[in-house]
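Now for the letters of each chain:
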Amino acid sequence: MAHHKKYHVRHRRNPLGVSGADVGEIAWVSAGYVAGRAVPAMLLSSYNTGMVGYLLNAGTGVALKMVVGGSVGHALMIGGIASGITRFVSDQFGANIKGLSGDPAFRLGAYWNSFFAVPTVSDPYGRVAASPYPQPMLAPATVKGYMGPAGGRMQTTSNRFAGRYA
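The rules behind these values
Residues numbered from 1 in each chain as written. Predicted model: local features only at pLDDT ≥ 70, side-chain atom pairs only at ≥ 80, totals over all residues. Heavy atoms only, no water. Helix = DSSP H or I, 4+ residues; strand = E, 2+ residues; numbered from the N terminus. Expected span 1.5 Å × (residues − 1). Buried < 20%, exposed > 50% of the residue type's maximum accessible area, 1.4 Å probe, protein only. Contact = heavy atoms within 4.5 Å. Polar contact = N/O pair within 3.5 Å; in protein donor to acceptor, adjacent residues only side chain to side chain. Patch = residues over 30% accessible without salt bridge, like charges linked within 9 Å, V, L, I, M, F, W, Y side chains within 5 Å. Areas by Shrake-Rupley, 256 points an atom, 1.4 Å probe, with all protein chains shown as cover. Salt bridge = Lys/Arg side-chain N within 4 Å of Asp/Glu carboxyl O. pLDDT = per-residue confidence, 0-100. Axes fitted to C-alpha atoms, helices over the stretch in contact; angles between N-to-C directions. Parallel < 35°, antiparallel > 145°, perpendicular 65-115°, else oblique. Nonpolar A, V, L, I, M, F, W, Y, C, P; charged D, E, K, R; others polar. Phe/Tyr/Trp six-rings, centres within 6.5 Å; stacked < 30°, edge-to-face > 60°. Left-handed = near helix turned anticlockwise from the far one by under 90°.

1. Observations concerning helix α3 (residues 70–93)
An ideal rise of 1.5 Å per residue puts 34 Å on 24 residues; α3 measures up with 34 Å between its terminal C-alpha atoms. Looking at α3, one finds that the buried residues are Gly73, Ala75, Leu76, Met77, Gly79, Gly80, Ser83, Gly84, Arg87 and Ser90. Where α3 is buried, its residues contact α1 (20–43) and α2 (50–68).

2. Quick notes on the side chain of Asn48
Mapped onto the fold, Asn48 is located in the loop between α1 and α2. There is a polar contact of 2.7 Å between the side chain of Asn48 and the side chain of Arg87. For Asn48, the residues in contact, after removing those within four places along its chain, are Pro40, Ala41, Gly53, Leu56, Asn57 and Arg87.

3. A short note on a nonpolar patch on the surface
Together, Met42, Leu43, Leu44, Tyr47 and Val52 line one region of the surface with nonpolar side chains, adding up to about 560 Å² of accessible area. Secondary-structure assignment places Met42 in helix α1. Note on Met42: relative accessible area 62%, which makes it exposed.

4. Focus: α2
Owing to its 3.6 residues per turn, the α-helix aligns residues three or four sequence positions apart on the same side. Taking 1.5 Å of rise per residue, the 19 residues of α2 would be expected to cover 27 Å, and the 28 Å separating its terminal C-alpha atoms lies within 8% of that figure. The elements touched by buried residues of α2 are α1 and α3. A positive phi of about 75° marks Gly69, the residue just after α2.

5. Re the confidence of the model for the protein
Chain-level pLDDT for the protein is 76 on average; 58% of the residues reach the 70-or-more range. Per-element averaging of pLDDT across the protein places strand β2 (residues 128–130) at the bottom with 65 and α2 at the top with 92.

6. Some remarks on the packing of α2 against α3
One way to put it is that α2 packs onto α3 with a least axis distance of 7 Å and a crossing angle of 175°. As the angle between them shows, α2 and α3 are arranged roughly antiparallel. Looking at the contact of α2 with α3 residue by residue, the class counts come to eleven nonpolar, ten polar and three charged.

7. Considerations on the packing of aromatic side chains
With the rule as written, the count across this model stands at one aromatic pair. A centroid spacing of 5.3 Å and a plane angle of 85° characterise the contact between Tyr54 and Phe88, whose relative ring orientation is edge-to-face. A residue pair is termed long-range when its members are at least 10 positions apart, and Tyr54 in helix α2 and Phe88 in helix α3 qualify at 34 residues.

8. Let's talk about the environment of Ser30
Relative to the helices and strands, Ser30 is located in helix α1. Residue Ser30 is classed as partly exposed on the basis of its relative accessible area of 38%. For the pair Ser30 and Ala82, spaced 52 residues apart in sequence, the C-alpha separation works out to 9.6 Å.

9. Observations concerning the packing of α1 against α3
In a pair of packed helices, the angle between the axes and the distance between the axes together describe the arrangement. Where α1 meets α3, the axes come as close as 6 Å, and the angle between the chain directions of the two elements is 50°. Classed by the angle they form, the pair α1 and α3 counts as oblique. Seen along the crossing, α1 lies across α3 with a hand that is right-handed. Contacts from Glu25, Trp28, Val29, Ala31, Gly32, Tyr33, Gly36 and Arg37 in α1 reach Val72, Ala75, Leu76, Ile78, Gly79, Gly80, Ala82, Ser83, Thr86 and Arg87 in α3.

10. Points about the environment of Ile26
As for its position among the elements, Ile26 is in helix α1. Sequence separation between Ile26 and Leu76 is 50 residues; the distance between their C-alpha atoms is 9.7 Å.

11. Quick look at the side chain of Ser83
For Ser83, the location among the structural elements is in helix α3. Owing to a relative accessible area of 0%, Ser83 belongs among the buried residues under this scheme. A polar atom in the side chain of Ser83 sits 2.6 Å from the backbone oxygen of Gly80.

Spelled out as structure tokens, the structure:
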């Protein structure tokens, strides 16, 4: 019997199970979603309200399917229809479903530049209500005539600053 050399074939593993085709499909569905929201807002902004607006979002996805075709067109259609559905759900049920309320149109509400170095809590008009951070510990005010442990001067490790704080 002849001796056969054993070959070890190392199999590549994909632990997440996401292939390049999946990433491409996710990208095209996302493009369809964005187009489904943007095209009616840009071209037919006066009609883009209520039920007609939701149908325009979904209809944009169907129109993309007819124009592009193939698997890319199918992914664009899914994204466009999803944009209409998510807009309907967020408009109708957004306040009742936790996580859906907020600013889906990214208008940022009453946002303006501020001179505060740290985030603060303010009302819708920009008046500062309180800081969510604790107040810094300040050194106690110097009392005239109090000599303290340093004899009227701050204790330092060198004499360079000794005469400045009396």
